[in-house]
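Now for the letters of each chain:
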Amino acid sequence: MSQPKFPQIDPPLTREGSLNEIISSIAAEELSLSHILNAEGEKLQYVLGTLPGLSGAADLKEVMQINQSVQDTLSDVVSHQMMLSSKLGAALGAPVLPGPTGPTGATGPTGPAEGAVGPTGPTGATGPDGPAGAIGAAGPTGATGATGATGPTGPDGSAGLAGATGPTGPDGAAGLTGATGPTGPDGAAGLAGATGPTGPDGTAGVIGAAGAAGAAGATGATGAQGPTGATGPNPTSTAAFAANTQGSSILVALGGSAIPLPNAQVLSADITPNAGNTVFTVATAGTYQISYHVNTTLSLLMGTRLVINGVNNTASTIAPVVSTPHFENQIKVNLPAGSTVTLQIYPATLAGTAVLVGGGAGASLTIIRLS
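Residues numbered from 1 in each chain as written. Predicted model: local features only at pLDDT ≥ 70, side-chain atom pairs only at ≥ 80, totals over all residues. Heavy atoms only, no water.

(A) Representation of the environment of Ala239 within the structure. For Ala239, the position within the fold is in strand β1 (residues 239-246). Exposure remark for Ala239: the relative accessible area of 24% places this residue in the partly exposed category. The spacing of Ala239 and Ile368 is 129 residues in sequence and 4.4 Å in space, taken between C-alpha atoms. Ignoring sequence-local partners within four residues, the contact set of Ala239 consists of Val266, Leu267, Ser268, Ile271, Ile367 and Ile368. (Helix = DSSP H or I, 4+ residues; strand = E, 2+ residues; numbered from the N terminus. Buried < 20%, exposed > 50% of the residue type's maximum accessible area, 1.4 Å probe, protein only. Contact = heavy atoms within 4.5 Å.)

(B) Looking closely at the sheet that holds strand β4 (residues 263-267). What the five strands build is an open sheet, ordered β4-β1-β13-β7-β10; its pairing is antiparallel. Strands at the two margins of the open sheet, each flanked by one partner only, are β4 and β10 (324-335). Adjacent strand axes in the sheet meet at a mean angle of 10°, parallel and antiparallel pairs treated alike. Bridge count between strand β7 (residues 286-300) and strand β13 (residues 358-369): seven bridges; the pairing is antiparallel. By the bridge assignment for β13, Tyr292 is matched with Leu365. (Pairing = 2+ DSSP bridges. Axes fitted to C-alpha atoms, helices over the stretch in contact; angles between N-to-C directions.)

(C) Just the packing of helix α1 (residues 15-48) against helix α2 (residues 60-93), in detail. Taken N-terminus to C-terminus, the directions of α1 and α2 make an angle of 165°; their axes are 10 Å apart at the nearest point. When the axis of α1 is compared with that of α2, the two are roughly antiparallel. Judged by the twist between their axes, the crossing of α1 over α2 is left-handed. For the contact of α1 with α2, the residue count by class is 19 nonpolar, five polar and five charged. (Parallel < 35°, antiparallel > 145°, perpendicular 65-115°, else oblique. Left-handed = near helix turned anticlockwise from the far one by under 90°. Nonpolar A, V, L, I, M, F, W, Y, C, P; charged D, E, K, R; others polar.)

(D) Structural detail: the nonpolar core. If you look at the biggest cluster of nonpolar residues, it comprises 30 residues, and the most contacted ones within it are Ile259, Ile290, Val294, Leu306, Leu335, Leu365 and Ile367. If you list the elements that add at least two residues to this core, you get β1, β2 (249-252), β6 (280-282), β7, β8 (302-308), β10, β11 (339-347) and β13. With five residues, the single largest contributor to this core is β7. The residues touching Val294, leaving out its near neighbours within four places in the chain, are Ile259, Thr304, Pro325, His326, Phe327, Leu343, Leu356, Gly362 and Ala363. Grouped together as the second largest cluster of nonpolar side chains are seven residues, Ile23, Ile26, Val77 and Leu88 included. (Core = buried A, V, L, I, M, F, W, Y, C linked by side-chain atoms within 4.5 Å.)

(E) Spotlight on the side chain of Ser257. Along the chain, the position of Ser257 falls in strand β3 (residues 257-258). A polar contact is formed between the side chain of Ser257 and the backbone oxygen of Leu251, at a distance of 2.9 Å. Excluding anything up to four places from it in sequence, Ser257 contacts Ile250, Leu251, Val252, Leu343, Gln344 and Ile345. (Polar contact = N/O pair within 3.5 Å; in protein donor to acceptor, adjacent residues only side chain to side chain.)

In structure tokens, the structure reads:
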């Protein structure tokens, strides 16, 4: 197997030039990531139907699928962005070799030597100490040589490219509503009024004499048995049960969102669901008992209710003042033929996302005809 051969670059790259090439490649990758983020944004606009020229938006299931796709792409982009940030930091922190040192300047000439020392006189006989002689003058100091010229300074390296600004993070979730303050104490009870006097008992009346018992009449003949009437309709033959056990994520809009119930369906022939398993049509008129349960993975400040024939049913509504993961209710209601029933979840304040419990009763609806 032959060894790899790298192409010759003419003129050869310097260390500074190599670092500039690395930083340029990082800038190009950042530009590519910005195009990817823009494409994901336009994808969401297309699905939601906000782009000019579109006639309508996708349904909730398609929106959730695209939302998952966009989330996966953003996760990959963030991972790549972290790698590029580390790579850019390493490139900007790499030292650049200094330019060559300039030549050393010439040494200046040495100044003249000090003046000549006079000859030493002969040593005389030691006599009494005479007066101190005058100090001789010091010889002249030699001139300092000229300083050599400073070599030229090497050129500064070119400035690195500025890194791309990271995307703005999503807004934080709205804070929970504070708990209701305690109820004030009851007021003091008023004074009891005085009891009126009891009236006197009346005089007992005289008991009358008991009358004589009459003779028993003769037993009449048994009449012929009438024909058996037709069997009436069995109310319990009209019933339905449907559930959601797959842990669905529901984007809860301000006006409320229907909960799909596609699992464990047991429906009589006169109760039928729509294609999204959110609206159940009851063909037979009568008095019905309707109950539901909703269980979420987290406590939510949201409410639940039944929407019957397009109108929110007040008796079925649960509107908690604090966050809760469990909702359930049961009502009795008269339904005309062809009535529609929908289980709905709605926000107390702001729109959000509710995640139903998976692998069990995330949500269920029961409809039973009583009469």
